[in-house]
Amino acid sequence: MTTKANFPVTAGSIVVPYGHVIGNEKWRGSEIAQRLQGKIRLMFEGDLGLVDFHLSNRTCILYISEADLVAGDEFKRRLVRFRNVSSLGGIVIVEKTQISDQYFLAVQKLVVLELGMVLLPVANQGEASQLIIQLVREQSKDHNSNPFLRKQCSQLAEPSVFRTVQQIPGVGKTKALLLLQQFGSIHRLCNTSVKELELVVGQTVAQQIYAFLCS
């Protein structure tokens, strides 16, 4: 899909009902779309510009595939332009595979350190769909006000979310389990302070997690 230089990427007239996702038309028929169907309400729009999926009026996803990473720097220009002109909270989902792994550290540096956005690695579109479902469900409920919902969320965390948390530097299986039990989801983990993280995983790992997700 070609994005014109003057194409709008801000929220504008995009209004996303709770529990819904608005996807870029280019994703219609994809594995992500097929896996989201029946789990959340998915609608398609053809004028989302640089954005792949709108999760809410304030949060959106930009998806970087293995093919994007291998093809060159076009995805970098897309991310930089989005950050420069958009007031939306951008979550960047990146396919981290055997082929794309060599590019991952550079992408992580760009997204997290230079652009100040959240980066979440996935192995494939199947994992990405589970991640999107988790994020949408988290944004549709106020888990902060109901500890029982938090507990339920941590118990029912998708395996793909668990694997994603494990890929954060310094976090293995044990710490990933502790983090999801405490915070319930990646969405809440991304909005957690260093002091809160320290109580769960210690100072060193807490700083690594914060630098990776929250910078």
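Rules behind the numbers
- Each chain has its residues counted from 1, following the order in which its sequence is written.
- Given that this is a predicted model, residues contribute local features only at a pLDDT of at least 70 and side-chain atom pairs are listed and counted only at 80 or more, while totals for whole chains, interfaces and linings are drawn from all residues.
- Each side-chain value is worked out from all heavy atoms of the structure, with water and hydrogens disregarded.
- We call two strands paired when DSSP finds no fewer than two bridges between them.
- Each helix is a run of H or I in the DSSP string that is no shorter than four residues. Each strand is a run of E no shorter than two, and both are numbered from the N terminus.
- Whether two residues are in contact is decided by their heavy atoms: any pair within 4.5 Å suffices.
- Axis definition: a line fit to C-alpha positions, over the contact stretch in the case of helices; interaxial angles, taken between N-to-C directions, run 0 to 180 degrees.
- One speaks of a salt bridge when a side-chain nitrogen belonging to Lys or Arg is within 4 Å of a carboxyl oxygen belonging to Asp or Glu.
- Per-residue accessibility, obtained with a 1.4 Å probe over protein chains only, is compared with the maximum for each type, and a residue is labelled buried under 20%, exposed over 50%, and partly exposed between these values.
- A crossover gets the label right-handed when its path from the first strand over the helix to the second runs clockwise, viewed with the strands pointing away from the viewer.

So, the sheet that holds strand β3 (residues 53-54): which residues are in play, and what are the values?
Taking strand neighbours across the sheet as the criterion, the six strands line up as β2-β1-β3-β4-β5-β6 in an open arrangement whose pairing is mixed. Two strands lie at the open edges of the sheet, namely β2 (41-45) and β6 (118-122), each paired on one side alone. Pairing of β3 with strand β4 (residues 59-64) involves two bridges; the strand directions are antiparallel. Looking across to β4, one finds that H54 is bridged to C60. Its contacts with the sheet put helix α4 (residues 101-114) on β5 (89-95) and β6, and the angle it makes with β6 is roughly 155 degrees.

Got a sec to walk through the pattern of salt bridges? Specific residues and values, please.
Summed over the entire model, instances satisfying the criterion amount to seven salt bridges. A salt bridge links R78 to D52; the shortest N-O distance between them is 2.2 Å. Taken together, the residues span a long stretch of sequence, with R78 in helix α3 (residues 74-85) and D52 in the loop between β2 and β3 at a distance of 26 residues. On the basis of relative accessible area, D52 is assigned to the buried category, the value being 0%. Notably, a salt bridge pairs D73 with K76, separated by 3.5 Å at the nearest N-O pair.

Please give an account of the pairing of β5 that cites residues and values.
Most of β5 is tucked away, with six of its seven residues classed as buried. Bridge count for β4 against β5 is six bridges, and the pairing is parallel. Paired with I64 across the two strands is V94, which belongs to β5. Bridge count for β5 against β6 is five bridges, and the pairing is parallel. Residue pairing in the sheet places I93 in a bridge with L120 of β6. Between the parallel pair β5 and β6, the chain is carried across by α4, and the sense of this crossover is right-handed.

Nothing here speaks to function; it is all geometry.
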